[in-house]
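# Commentary on secondary and tertiary structure
Okay, here's what each chain looks like letter by letter:
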Amino acid sequence: MSGKLAGRKIIITGGAAGIGFMTAKVLVREGAAVALLDLDGAKATASAKSLTADGGKAFGFGVNVTDEAAVNAAVAAARTAMGGIDGLFNNAGIAGFGSVHDSSPASWQAMWDVNVIGTYLPSRAVLPGMIEQKHGAIVNVGSVAGVVGIPTMAAYCAVKGAVVNLTRQMAAEYAKHGIRVNCVCPGTVGETAMGHFLVGSDTSAEAMARRLAKYPLGRFGKAEEIAEAVAFLLSDASSYCVGSILAVDGGMTAI
Ligand code: NAI
Ligand code: 1HS
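Predicted, not measured: the structure shown is a model, and the values here were computed from it.

Looking only at helices and strands, the protein chain features 8 helices and 7 strands. Relative to the 2.2 N^0.38 estimate, which gives 18 Å for 255 residues, the radius of gyration of the protein chain is 17 Å and therefore close to what a compact globule would have. With the C-alpha coordinates of the protein chain rotated into their principal frame, the extents come out at 50 × 35 × 35 Å. Counting only residues that meet the buried cut, the protein chain has 49% of its 255 residues in that class.

Encoded structure:
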């Protein structure tokens, strides 16, 4: 199999749908085997099956990334199925609206658990093997919301900011083991379930124009555009990228 990820074995959390599944397609196209870990186990299995039908090597597992024992078990199963682990895309995440003055502690806790603990636990599960084999690549998914402040998205901005700086911490610590850790920060991708939730919160022409005005390119992103950036960061093409926070946002954070 040729491609910039030929022979690589890569776990994708939240890989059953959206940006995660689009990334799986691109990684398989580039020669990787993938393990899709998702809360929706049936969808993870079906999505993996669709990739194998296209000639790829893909496996699906049901797991909640906030559940320590379940993450450890799924990572072990993925390692066995693929014959090793070279890469991890920490993509599972949830978003929500609310400002500091009107949001609930429960909503903050839920977003912290999935976005931050859900990045920590899979990373913790793959790192000992990567340290032992002296190589690995981890990509975390941040957001424009981890870089700039977005009104009415207080908790989401806080947890994505945590993911961005956790990336720098991990990059600084594990580079000496041959493990590169980087982050992609997408702008709004309208086609996914999260994108529909976000854009659907106010579909008036005025709200849409206001939202689009934040993007110099004048449009939202496509899942494939995020996936290509992730594939780059997981591959040797990015061999000198360590702790990079890569904006894939149509210029949203450039202004
Ligand atoms: P999505 O909602 O379309 O897909 C997320 C996937 O993660 C789903 O398959 C879901 O079942 C899975 N998931 C959710 N909670 C989970 C859990 N606790 N354990 C395991 N799997 C879980 O979301 P989308 O749009 O594909 O986003 C993926 C990532 O990209 C998220 O971290 C999101 O914050 C981030 N992002 C998304 C943007 C967008 O506009 N869609 C923009 C910037 C960042
Ligand atoms: C949900 C994803 O991380 C994007 S947050 C950006 C919302 S906006 O600025 O495009 O309204």
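Turning next to the site of ligand 2. What surrounds ligand 2 is the set Ser143, Val144, Ile150, Tyr156, Thr188, Met194, Leu198, Arg211, Lys214, Tyr215 and Met252. Across the shell around ligand 2, the residue classes break down as 7 nonpolar, 2 polar and 2 charged.

Moving on, we come to the site of ligand 1. Of all residues adjacent to ligand 1, which total 26 residues, the nearest are Ile19, Asp38, Tyr156, Val189 and Thr192. Between ligand 1 and the protein, one listed contact pairs a nitrogen atom with a backbone N or O atom of Leu39 at 3.1 Å. For ligand 1, the protein covers 91% of the area, taking 830 Å² as the surface of the free molecule. If you map ligand 1 onto the pockets, it falls in the largest pocket. Elements with a minimum of two residues in the shell around ligand 1: helix H1 (18–29), helix H5 (154–174) and helix H6 (193–199). The greatest single-element share of the shell around ligand 1, amounting to 3 residues, is contributed by H6. Here the shell around ligand 1 is built from residues that sort into 13 nonpolar, 11 polar and 2 charged.

Another point: the pattern of salt bridges. All told, the structure shown has 7 salt bridges when counted by the stated rule. A salt bridge links Glu228 to Arg29; the nearest nitrogen and oxygen atoms lie 2.9 Å apart. In this pair, Glu228 sits in helix H8 (residues 223–234) while Arg29 sits in helix H1, placing the two residues 199 residues apart along the sequence. The partly exposed category is assigned to Glu228, whose relative accessible area is 27%. Arg29 gets classed as partly exposed once you look at its relative accessible area, which sits at 44%. Across the pair Arg124 and Glu68 runs a salt bridge, and its minimum N-O distance is 2.7 Å. In this pair, Arg124 sits in helix H4 (residues 105–133) while Glu68 sits in helix H3 (residues 68–82), placing the two residues 56 residues apart along the sequence. The exposure class assigned to Arg124 is partly exposed, which follows from its relative accessible area of 35%. Judged by its relative accessible area of 43%, Glu68 is partly exposed.

The next point concerns the nonpolar core. Counting residues in hydrophobic clusters, the biggest one holds 31 residues, and the most contacted among them are Leu27, Val34 and Val184. Broken down by secondary-structure element, the contributors of at least two residues to this core are strand S1 (9–13), H1, strand S2 (33–38), helix H2 (41–53), strand S5 (136–141) and H8. The leading source of residues in this core is H8, at 8 residues. Excluding residues within four positions of it along the chain, Val184 makes contact with Phe89, Val139, Asn140, Val141, Gly142, Ser143, Ile226, Ala229, Val230, Leu233, Leu246 and Val248. Counting 24 residues, the second-largest nonpolar core is a separate cluster that includes Val63, Val75, Ala125 and Tyr174.

The subject of this paragraph is the packing of aromatic side chains. Applying the stated criterion across every chain yields a total of 2 aromatic pairs. Judged by centre distance (5.4 Å) and plane angle (35°), the rings of Phe97 and Phe197 are tilted. Here Phe197 lies in helix H6 and Phe97 lies in the loop between strand S4 (87–90) and H4, a separation of 100 residues in the sequence. For Phe97, a relative accessible area of 35% puts it in the partly exposed group.

The computed volume of the largest pocket comes to approximately 1,200 Å³. Contributing to the lining of the largest pocket are 50 residues, with Ala95, Tyr156, Thr192, Met194 and Gly195 lying nearest its centre. Within the residue set of the lining of the largest pocket, elements represented by two or more residues are H1, S2, H5, H6 and helix H7 (205–212). Of the residues contributing to the lining of the largest pocket, the split by class is 28 nonpolar, 14 polar and 8 charged.

Spatial strand order, S3-S2-S1-S4-S5-S6-S7: 7 strands in an open sheet with parallel pairing. The open sheet terminates on both sides in strands that have one partner only, identified here as strand S3 (57–62) and strand S7 (245–248). Taken over all neighbouring pairs, the strand axes of this sheet differ in orientation by 20° on average, direction set aside. Pairing geometry for S1 and S4, over 3 bridges, is parallel. What sits directly across from Ile11, in S4, is Leu88. Contacts from H4 reach S1, S4, S5 and strand S6 (179–186) within the one sheet, and its direction differs from that of S4 by about 175°. Relative to S6, H5 is tilted by about 160°, and along the sheet it contacts S5, S6 and S7.

Quick notes on the rules
Residues numbered from 1 in each chain as written. Chains lettered and ligands numbered in written order. Predicted model: local features only at pLDDT ≥ 70, side-chain atom pairs only at ≥ 80, totals over all residues. Heavy atoms only, no water. Helix = DSSP H or I, 4+ residues; strand = E, 2+ residues; numbered from the N terminus. Rg over C-alpha atoms; globule rule 2.2 N^0.38 Å. Buried < 20%, exposed > 50% of the residue type's maximum accessible area, 1.4 Å probe, protein only. Near = heavy atom within 4 Å. Nonpolar A, V, L, I, M, F, W, Y, C, P; charged D, E, K, R; others polar. Polar contact = N/O pair within 3.5 Å; in protein donor to acceptor, adjacent residues only side chain to side chain. Areas by Shrake-Rupley, 256 points an atom, 1.4 Å probe, with all protein chains shown as cover. 1 Å grid on protein atoms, 1.4 Å probe; cavity = no way out; pocket = protein on both sides within 12 Å on 5 of 7 lines; lining within 4 Å. Sits in = over half its atoms within 2 Å of the grid points. Salt bridge = Lys/Arg side-chain N within 4 Å of Asp/Glu carboxyl O. Core = buried A, V, L, I, M, F, W, Y, C linked by side-chain atoms within 4.5 Å. Contact = heavy atoms within 4.5 Å. Phe/Tyr/Trp six-rings, centres within 6.5 Å; stacked < 30°, edge-to-face > 60°. Points joined across faces, edges and corners; volume = space filled by probe spheres on them. Pairing = 2+ DSSP bridges. Axes fitted to C-alpha atoms, helices over the stretch in contact; angles between N-to-C directions.

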